[in-house]
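# Observations on chain architecture
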Amino acid sequence: MTIDFLRYYDLERYLLEDVHHHFHRDGFLSAFDFFAIVIWKANRAKTLIARRLLSKCPGENIDSAVSNLSSSLFQADNPRERLRLLIEDWGFHLPMASAILTILWPDYFTVYDIRACEQLGGFHKLAHCTKFDKIWSNYKLFRDAVGAAGPEGISLRDKDRYLWGRSSASQLQQEIARCFSKAETTS
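Structure report, in brief. (Residues numbered from 1 in each chain as written. Predicted model: local features only at pLDDT ≥ 70, side-chain atom pairs only at ≥ 80, totals over all residues. Heavy atoms only, no water.)

### With respect to unusual backbone geometry
Even without glycine at this site, cysteine 179 takes up a positive phi of about 55°. Relative to the helices and strands, cysteine 179 is located in the segment after helix H10 (156-177). For cysteine 179, a relative accessible area of 66% puts it in the exposed group. Located in the positive-phi region is phenylalanine 180, a residue other than glycine, with phi close to 65°. Tracing the backbone through its elements, the reader meets phenylalanine 180 in the segment after H10. (Helix = DSSP H or I, 4+ residues; strand = E, 2+ residues; numbered from the N terminus. Buried < 20%, exposed > 50% of the residue type's maximum accessible area, 1.4 Å probe, protein only.)

Take a look at the structure:
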């Protein structure tokens, strides 16, 4: 595998262009491309996810485990089934599952994360749902809320970026106002 390190440096662009293209061309992801998605979402989770994949595919190596997972996503009939596969069959939590699916199908999925929830003023409890039907119905509401947020005429992915950027900028403004000291709590 040859990697263009300049393209890889801009990881999100690499994912949305190169990895997305490789997946739809080949029908599966390489372990490198899959873990590039994992690192983009939560670098700290890569070892845990590697162990989970290997536990789901005893006797296989990480490449074949990723190939099994990603080819099952490619073959799935619809968005609901794709999310179900990641959550119920492979044991992913919604934040990581939605990040993987956002890279592979960015026109349908958006990343579920705390910053978006804060900006939307809700959906925080969705991360703790355990019943898939409830996760699915509430995730669709979350996705629709992201789609309705931000400037008109931009993609779902850009609306997600907009919410993240607005949250991050607001946090920085608050930290500057506090001179980077911890927020005082009242008791």
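### Focus: the environment of alanine 45
Looking at the element boundaries, alanine 45 is found in the loop between helix H3 (31-42) and helix H4 (46-56). Owing to a relative accessible area of 16%, alanine 45 belongs among the buried residues under this scheme. Remark: the alpha-carbon pair of alanine 45 and arginine 161, spanning 116 residues in sequence, is separated by 21 Å. Residue contacts for alanine 45: discarding those within four places in its chain leaves Val38 and Met96. (Contact = heavy atoms within 4.5 Å.)

### What to know about the packing of helix H6 (residues 79-89) against helix H7 (residues 94-104)
In contact at an axis separation of 10 Å, H6 and H7 are set at 135° when each is read in the N-to-C sense. In terms of their interaxial angle, H6 and H7 are classed as oblique. In this structure, the crossing between H6 and H7 has a hand that is right-handed. Residues Arg82, Leu83, Leu86 and Ile87 of H6 touch H7, and the partners they reach there are Leu94, Ala97, Ile100 and Leu101. Tallied by class, residues from the contact of H6 with H7 come to 7 nonpolar, no polar and 1 charged. (Axes fitted to C-alpha atoms, helices over the stretch in contact; angles between N-to-C directions. Parallel < 35°, antiparallel > 145°, perpendicular 65-115°, else oblique. Left-handed = near helix turned anticlockwise from the far one by under 90°. Nonpolar A, V, L, I, M, F, W, Y, C, P; charged D, E, K, R; others polar.)

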